[in-house]
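Topology and contacts: notes
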Amino acid sequence: MKIDGQRLLDDLYTLRKITATPGQGVTRFSYTQEDNRAREYLSHIAEDYGFSMETDAVGNIRICLQQSKGRIIIGSHIDTVRNGGWLDGVYGVISGLEVLRTLTDSGIASDVMLMIYAEEEGSLFGSTMTGSKFLTGKYTADDLTDLKDDRGRTLLDHLEARGYYNADLPLTMDFSSVDRVLEIHIEQGPVMDTEHLQIGIVDTVFGMHVLEIAFSGLGNHAGASPMVGRRDPMSAFAETALAVEKIARDAGNGVVATVGKVSVSPGASNVIPDSVRFTVDVRSNNDRYTTDTVQRIRETASKIANTRTVDCTIRDVAASSAIPLSRTIINEMAALAEDQKLVYRMMDSGAVHDTAMLAPFTDAGMIFVPSINGRSHVPEEDTAEADLIRGTQFLMDHIARTISQAQGRMRDQSSKIRSKP
Ligand code: HGY
Ligand code: MN
Ligand code: MN
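To start, this report covers the structure provided alongside it. Here the structure is a predicted model, which means the values were calculated and not measured. (Residues numbered from 1 in each chain as written. Chains lettered and ligands numbered in written order. Predicted model: local features only at pLDDT ≥ 70, side-chain atom pairs only at ≥ 80, totals over all residues. Heavy atoms only, no water.)

With respect to the nonpolar core
- Leu12, Ile63, Tyr91, Leu388 and Ile399 are the most contacted members of the largest nonpolar core, which totals 51 residues.
- Among all residues touching Leu388, those that are not within four sequence positions of it are Leu8, Leu9, Leu12, Trp86, Leu87, Tyr91, Val369 and Thr383.
- In this structure, Met129, Phe175, Met208 and Leu325 belong to the second largest nonpolar core, which totals 30 residues. (Core = buried A, V, L, I, M, F, W, Y, C linked by side-chain atoms within 4.5 Å. Buried < 20%, exposed > 50% of the residue type's maximum accessible area, 1.4 Å probe, protein only. Contact = heavy atoms within 4.5 Å.)

Put into C-alpha cells, the structure is as follows:
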C-alpha cells in the first residue's frame, strides 16, 4: 500500500503555519488557540474520512475507524516548545493519519488508532509526556491541580477553559486489547545525518530527571554595595551551571545535562538579585547514571550555596525511567529494512517520547528519520522531504506486515479448530 507523499507534505506545511510566533519557528502550546486551530484542522480530515475523533479529559485525542478496537496505536503530539521546529511530534501525527487514510483508501478496515498525546513537551508545566502519564496512571486526578504553569494556573484551569475536562471521563486507558504502540519521529540529534542513514530503529528511550534549583541571597543596590560581603544568588547560579556541565562531561556514558530555563528576581541591571531559580534536565540510557549525576548536582549546588552564604532549595519537577523498546518490533523493523535495502541502524533516543510511557503495557516501537544538521527544538529544525515520505512509507509497510501476520495467525487458528476431530 503506497502512502500519498504529497498529501503528507501538504498537511505538514499547513500545520507549520499554525504558530503563535510566525517567522520565528513554531510555537503551539497545549490548550491555546493555536492548539485549537490544529485540532480543528485534524477534525476536518477525520470528518472527511468518516473517522471517529474523541478528546479525553486531559485533551488526548483518539482518531480511528468507527468500529476499530485500536489494537495498533500510532501516536505522537502536536504541541511544541517555544520557537520550536515544524516537525517535532506533528510529523508522527500526520504520518499516523496518512496510514489511516491509506488503509481506508485501500478498503482495509483496520484496527489502527491514531493517538495525539496532550502536553508532551511540558512547555506549560515543565513536565514532559503529560497526556501519556495520565493514560498510564503515572499521573492521577491530584496532578490536575498539582501541575501549575509559571502564572500559577493549574492544568485543570487550562482544561476547564478549553472545555475538555469532564469528571465522568476516565483519566486512564485500558491497554489490554492493544497489540502494539508505534511512533515515528525526527531523530532530533546528529547521528543519522552524520552517518547518512535513511531509517533509525529506536532501541532505548533515555530516562530523564528534571530539578528546579532556587538560590536566595541578599538583594541590594548594584552600585553602593561593596563586593566584600555580597550574598549574590546570581554568582551561585553561574558557578552551579558550570558545575552541572562539568559533572555531566565527567560522568561519560552518554550522560547529558542542561540548564535551559532561568528566572531572576527582580531582574534589573542595577539590582543585586534576591533570588535566582533555574532548571536542570539530566538524561541517560541507564537510570543509575542519571541518579548518580542528579545526586552529584544536588550535593554541588548545596556546597556552593554554603560557600556563598545563600539559601538553596531543590525541587523534583519530573522524572521518567530509561525504557528499552520491544525487541520483537525492533527485529521486525530490522527485517523490513533489510528486505527494502534501506540504510538503517538501531539507536537510542536522547529525546523522550510518550510511546515509552506505554511500553510497560504493550509492545512499543519507534522509527526515526534524519534531522538536518542534527538540530531540533529550534526554528532551523528540518528534514528532507524524501526522508519524511520514506519514513511514513516504512511505517505503513511495517503496519501492513503486522496486519497480514495477524490475519495469518487467525487463519491458522481457525483451520486448527476446523481440523479438530
Ligand atoms: O524533551 C524531550 O525530549 C521531548 O522533546 N519532549
Ligand atoms: Mn517530540
Ligand atoms: Mn520535543
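More follows now that the structure is in view.
Looking at helix α10 (residues 327-339)
- Taking 1.5 Å of rise per residue, 13 residues should cover 18 Å, and α10 covers 18 Å from first to last C-alpha, within 8% of that figure.
- The complete set of buried residues in α10 reads Ile329, Ile330, Met333, Ala334, Leu336 and Ala337. Down the axis of α10, the smallest arc covering the buried residues is 160°, so these residues share one side.
- In this structure, the buried residues of α10 make contact with β5 (180-186), β6 (199-205), β15 (344-349), β16 (363-369) and α12 (385-419).
- A side-chain oxygen of the first residue of α10 lies 3.3 Å from the backbone nitrogen of Thr328; this N-cap is Ser326.
- The positive-phi residue at the C-terminal boundary of α10 is Lys341, with phi of around 50°. (Helix = DSSP H or I, 4+ residues; strand = E, 2+ residues; numbered from the N terminus. Expected span 1.5 Å × (residues − 1). Arc of directions from axis to C-beta. Polar contact = N/O pair within 3.5 Å; in protein donor to acceptor, adjacent residues only side chain to side chain.)

Overview of the packing of α10 against α12
- Contact geometry for α10 and α12: axes closest at 11 Å, N-to-C directions at 115°. The way α10 lies across α12 gives a crossing that is right-handed. Mapping the contact onto sequence places Ile329, Glu332, Met333, Ala335, Leu336, Ala337 and Asp339 in α10 and Phe394, Asp397, His398, Arg401, Thr402 and Gln405 in α12.
- Residues belonging to the contact of α10 with α12 are distributed by class as follows: six nonpolar, three polar and four charged. (Axes fitted to C-alpha atoms, helices over the stretch in contact; angles between N-to-C directions. Left-handed = near helix turned anticlockwise from the far one by under 90°. Nonpolar A, V, L, I, M, F, W, Y, C, P; charged D, E, K, R; others polar.)

Thoughts on the coordination of the manganese ion (ligand 2)
- Protein-derived coordination of the manganese ion (ligand 2) comes from His77 (NE2), Asp88 (OD) and His185 (NE2), at a distance range of 2.1 to 2.3 Å.
- Within one chain, the residues serving as donors to the manganese ion (ligand 2) are arranged as H-x10-D-x96-H. (Donors = N, O, S within 2.8 Å, 3.2 Å for Na, K, Ca; no water.)

So, the packing of aromatic side chains
- The full count for this structure, using the stated rule, is seven aromatic pairs.
- Considering the side-chain rings of Tyr13 and Trp86, the 5.0 Å spacing of their centres and the 10° angle between planes classify their relative orientation as stacked. Taken together, the positions of Tyr13 in helix α1 (residues 5-16) and Trp86 in the loop between β3 (72-76) and α3 (90-105) put the pair 73 residues apart, joining distant regions of the chain.
- A relative accessible area of 4% places Trp86 in the buried class.
- Here Phe175 and Phe361 contribute two aromatic rings whose centre-to-centre distance is 5.3 Å and whose plane-to-plane angle is 35°, an arrangement assigned as tilted. Remark: Phe361 occurs in the loop between α11 (354-358) and β16 and Phe175 occurs in the loop between α6 (155-162) and β5; sequence separation between them is 186 residues.
- Judged by its relative accessible area of 5%, Phe175 falls in the buried class. (Phe/Tyr/Trp six-rings, centres within 6.5 Å; stacked < 30°, edge-to-face > 60°.)

Observations concerning the site of ligand 1
- Ligand 1 sits among Glu120, Glu121, Thr128, Arg283, Ala351, Val352 and His377.
- Take Glu120: an N or O atom from its side chain is 3.0 Å from a nitrogen atom of ligand 1.
- Here Arg283 contributes a side-chain N or O atom positioned 2.7 Å from an oxygen atom of ligand 1.
- Relative to its unbound accessible area of 210 Å², ligand 1 is 94% covered by the protein chains. (Near = heavy atom within 4 Å. Areas by Shrake-Rupley, 256 points an atom, 1.4 Å probe, with all protein chains shown as cover.)

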